[in-house]
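Listed below, chain by chain, are the residues.
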Amino acid sequence: MSLIRSTSGRTGEQAADADTPTVDRGGRPARYTAVGGVLLFAVLAYMPYLLVTGVTQTMVVFFYLAAMALMWNLLAGYAGLVSVGQQAYVGLGAYAVLQFSNWGVQPYIGVWLAGLACAVIALPTSFAVFRLRADYFAVGTWAIAEVYHLLTIQDSGLGGGSGSPLTTLSGIDPVMRDALTYWTALAVAGCCALGCFLLLRGRLGLALTAIRDDETAAGSSGVNVGQAKRTVYLVAAAGCGAAGGLVIVSQLNVAPDSAYSVQWSAYMIFMVLLGGIGTLEGPIIGAALFTIVQQYFSSDGAWYLIVLGAACVPAAIWLPRGLWGLVERLTPVRIFPLGRRIRPPQHSHTAD
Amino acid sequence: MIWIDAILQGVLAGGLYALFACGLSLMFGVMRVVNLAHGDFAVLAAFLAYSLISATGVSLLWAAVVTVPVFAVFGYLVQRGLINRAMTGGPLPPLLATFGLSVLIQNSLLQGYTADSRALAPGRIGTASLRLSGQISLSYLELLILGLAVLVLGGLELYLSRGRTGRMLRAASDDPEAASLVGGDPRHLYGIATALAFGTLALAGLLFAARSSVSPSSGPSELLFGFEAVVIGGLGSLWGTLLGGIALGVAQNVAGQANPAYTLLAGHLLFLLVLIVRPEGLLPRRSIA
């Protein structure tokens, strides 16, 4: 948690008496985030010792939804790839865990391998979907997801059209199993958040931010647009694959129609756009909000979805930058310091 | 013989895909808006017609005569009230808004009508068929649907190329600012485009329900078929959309004849093949819709 109006930072100190403005992004904000992140992670990791099972199970849902939201945000918010087909990798990830488990791999390790497998599958897939102009990309990815769905159903070893339970975890004591699932989910969500943060702070992040703002201008100033987009597509496939692995590990069974359901993409769109696209805080807020609404109101039937759907429409019109966009506009708080601050020469604390 | 039958049935199914898809093509062509609720609005129209028929006992024809204009007006209002406003924020807000509508419609129908699928009884025409040979017979209802699709697509094509408002729609599609300079208010024109799209999708929704059945959750898959028809045919051409719909229907029916499990897969694979080999579609043309 940091305030943007910080003055220290190595670049800032070196150029303090020069007459040129300085550009600064590291320093205290980044350190606050690092320390805060480690503390938060430690507290969250301790939670299975404190809380009742129901709460940790809800947290698992939050973790995999947050991982999906972060990945969709990376695609749509930074690389301009609006996908309605990320459920391809949720489904493939879930089924990869099942397949690995049939081969004797422990499902908690299988979750990570599922992420890797999805990235491998995403590479040839990317050559097909990247033929599409931005406008058709959404539809193309959706059709691909349906192809993977229909191919999965053909494999009777994976349960065909009716799905299959994940039996290899049933030998573990339920309390221990819940804790292990929780830690795996926490680790996956943590890796997705940290991965996005490091990716966006690095050279690729600069390229992606340029692409987000203006693709043509980015390309003409030397950004390899195609390569940057493909990297993001692979990373997002891996993240959604691991999240799909978490879905099967937490539910202990998988059904093709729900694993490959377009609802996953719908949830991702909802979480990211309501939370705030093009930020890292937004998807996490969106995921938290969505998890809370889903947990508390899903017992009343489809009403919560009606309300969520109805909430999207005014949000799209009056809050295009999402809830976090509202926070950014009203306060100087930034949790993930991704932006660069320009300081005019001489002493000044206020530049943004 | 069964293969010829499969192809003919595919052609008939394709007409309905095209009728449903032309509104999608129109909205995308004029406004660059991907209406994620297109299928759900069609399902909504079918359910409203269902209620109308069960409440008053009118025939399907009269239900269509009422539903289609009502939906056209409804479309104009949705465009003016929601989508135009969302469009000012770039391409993503309309996506979120129409997605919200999709979730809203699906789940409201689920609450109001349960998850059961419903069919609209087409009357005597539903069971009659044209017998071409011992193994091939074409349902009059499906022939009528194909005829309607050709008529609607042809009418739209004529309207866009000759009609005064149609020409302004093409102008707004090319350059909304320039169009407003010569007297066309883009907000109104966008409303007209959506009204046309909603009228055709309502008709398609009713015909879907008359031909087989619809359930509250069948919107998204119809949307996907519609999209595929548009892309296979080539954006920018309504006749292309008809060809795309027919190609999709034939692929599905022929593969389904070989093995029912491959019906949907074949359609998606044809779509991907066209994307990879010929991304501009079968009948590309520079125009709207």
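Computed from a predicted model, the values in this text were never measured in an experiment. (Residues numbered from 1 in each chain as written. Chains lettered and ligands numbered in written order. Predicted model: local features only at pLDDT ≥ 70, side-chain atom pairs only at ≥ 80, totals over all residues.)

A. Focus on the overall build of chain A. Assigned secondary structure in chain A consists of 15 helices and six strands. Among the 352 residues that make up chain A, the fraction classed as buried is 44%. (Helix = DSSP H or I, 4+ residues; strand = E, 2+ residues; numbered from the N terminus. Buried ≥ 20, exposed ≤ 12 C-beta atoms within 10 Å, placed from the backbone.)

B. Inspection of the overall build of chain B at higher detail. The number of helices and strands found in chain B is eleven helices and two strands. Relative to the 2.2 N^0.38 estimate, which gives 19 Å for 289 residues, the radius of gyration of chain B is 19 Å and therefore close to what a compact globule would have. With the C-alpha coordinates aligned to their principal axes, the bounding extent of chain B is approximately 60 × 50 × 30 Å. Put simply, chain B has 289 residues, and 57% of those count as buried. For chain B, restricting intrachain contacts to residue pairs at least 6 apart in sequence, the fraction spanning at least 24 positions comes to 77%. (Rg over C-alpha atoms; globule rule 2.2 N^0.38 Å. Contact = placed C-beta atoms within 7 Å.)

C. Expanded view of the interface of chain B and chain A. On the side of chain A, 34 residues touch chain B, which itself brings 35 residues to the contact. The element that contributes the greatest number of residues to the side of chain B that touches chain A is helix α4 (residues 92-113) of chain B, accounting for 14 residues. Taken together, the residues that form the side of chain B that touches chain A break down as 26 nonpolar, six polar and three charged. (Nonpolar A, V, L, I, M, F, W, Y, C, P; charged D, E, K, R; others polar.)

D. Up close: helix α14 (residues 303-318) of chain A. Compared with the 22 Å implied by 1.5 Å per residue over 16 residues, the 23 Å span of α14(A) between its first and last C-alpha is a close match. Among the residues of α14(A), Leu305(A), Leu308(A), Gly309(A), Cys312(A), Val313(A), Ala315(A), Ala316(A) and Ile317(A) are the ones counted as buried. Buried residues along α14(A) sit against α12 (263-275) and α13 (281-297) of chain A together with α3 (60-87) and α4 of chain B. (Expected span 1.5 Å × (residues − 1).)

E. Broad picture of the confidence of the model for chain A. Put simply, chain A has an average pLDDT of 83, and 87% of its residues get 70 or more. Per-element confidence in chain A is highest for helix α4 (residues 87-102) of chain A, whose mean pLDDT is 94, and lowest for strand β1 (residues 2-3) of chain A, whose mean pLDDT is 40. (pLDDT = per-residue confidence, 0-100.)

F. Seen up close, the nonpolar core. The biggest cluster of nonpolar side chains holds 214 residues, and the ones touching the most others in it are Ala67(A), Met68(A), Ala46(B) and Leu206(B). In terms of residue count, the dominant contributor to this core is helix α8 (residues 186-211) of chain B (17 residues). Setting aside chain neighbours within four positions, we find Ala46(B) in contact with Leu120(B), Gly205(B), Leu206(B), Phe208(B), Ala209(B) and Val214(B). (Core = buried A, V, L, I, M, F, W, Y, C linked by C-beta atoms within 7 Å.)

G. Here's a closer look at the confidence of the model for chain B. Residue and element names in this part refer to chain B. Mean pLDDT over chain B works out to 87, with 98% of the residues at or above the 70 mark. Across chain B, element-level confidence peaks in helix α2 (residues 38-56) with a mean pLDDT of 94 and bottoms out in strand β1 (residues 129-131) with 78. For this predicted complex, the interface confidence comes out at an ipTM of 0.81, alongside a pTM of 0.83.

H. View of α13(A). Residues and elements named next belong to chain A. Between the first and last C-alpha of α13 there are 24 Å, a value that for 17 residues agrees with the 24 Å anticipated at 1.5 Å per step. Where α13 is concerned, the buried positions are Glu281, Gly282, Pro283, Ile284, Ile285, Gly286, Ala287, Phe290 and Thr291. Looking at the buried side of α13, the elements it contacts are α3 (53-78), α12 and α15 (322-330).

I. Molecular detail of unusual backbone geometry. All names here are of chain B. Its identity is not glycine, yet Arg32 carries a phi of approximately 60°, on the positive side. Even without being glycine, Thr114 reaches a positive phi, approximately 60°. Tracing the backbone through its elements, the reader meets Thr114 in the loop between α4 and β1.

J. How the structure looks around the environment of Leu60(B). Residues and elements named next belong to chain B. With respect to the element layout, Leu60 can be found in helix α3. Through-space distance from the C-alpha of Leu60 to that of Leu206 is 8.3 Å; in sequence the pair is 146 residues apart. In contact with Leu60, not counting residues within four places along its chain, are Ile53, Leu120, Ala121, Pro122, Gly123 and Ala210.

K. Summary view of the environment of Val97(A). Residues and elements named next belong to chain A. Among the secondary structure elements, Val97 is positioned in helix α4. The class of Val97 is buried, set by 31 C-beta atoms lying within 10 Å. Sequence separation of Val97 and Pro283 is 186 residues, and the distance between their C-alpha atoms is 25 Å. Other than its neighbours up to four places away in sequence, Val97 contacts Pro107, Gly110, Val111, Ala114, Gly245, Ile248 and Val249.

L. Region of interest: the packing of α2(B) against helix α9 (residues 219-233) of chain B. Residues and elements named next belong to chain B. Relative to each other, α2 and α9 sit at 125°, their axes nearing to 7 Å. In terms of orientation, α2 and α9 fall into the oblique class. Two packed elements cross with a definite hand, and for α2 against α9 that hand is right-handed. Across the interface between the two elements, His38, Gly39, Asp40, Ala42 and Val43 of α2 pack against Gly219, Pro220, Glu222, Leu223 and Gly226 of α9. (Axes fitted to C-alpha atoms, helices over the stretch in contact; angles between N-to-C directions. Parallel < 35°, antiparallel > 145°, perpendicular 65-115°, else oblique. Left-handed = near helix turned anticlockwise from the far one by under 90°.)

M. Representation of the packing of α9(B) against helix α11 (residues 263-277) of chain B. Residues and elements named next belong to chain B. Here α9 crosses α11 at 35°, and the two axes come no closer than 9 Å. In this structure, α9 crosses over α11, and the sense of that crossing is left-handed. Contact residues: α9 offers Glu228, Val231 and Ile232, while α11 offers Gly267, Leu270, Phe271, Val274 and Leu275. Split into classes, the residues belonging to the contact of α9 with α11 amount to six nonpolar, one polar and one charged.

N. Structural view of the environment of Val235(A). Residue and element names in this part refer to chain A. In this structure, Val235 sits in helix α10 (residues 225-251). For the pair formed by Val235 and Gly115, sequence separation is 120 residues and the distance between their alpha carbons is 8.9 Å. In this structure, Val235 is in contact with Leu74, Gly195 and Leu199, ignoring residues within four places of it in sequence.

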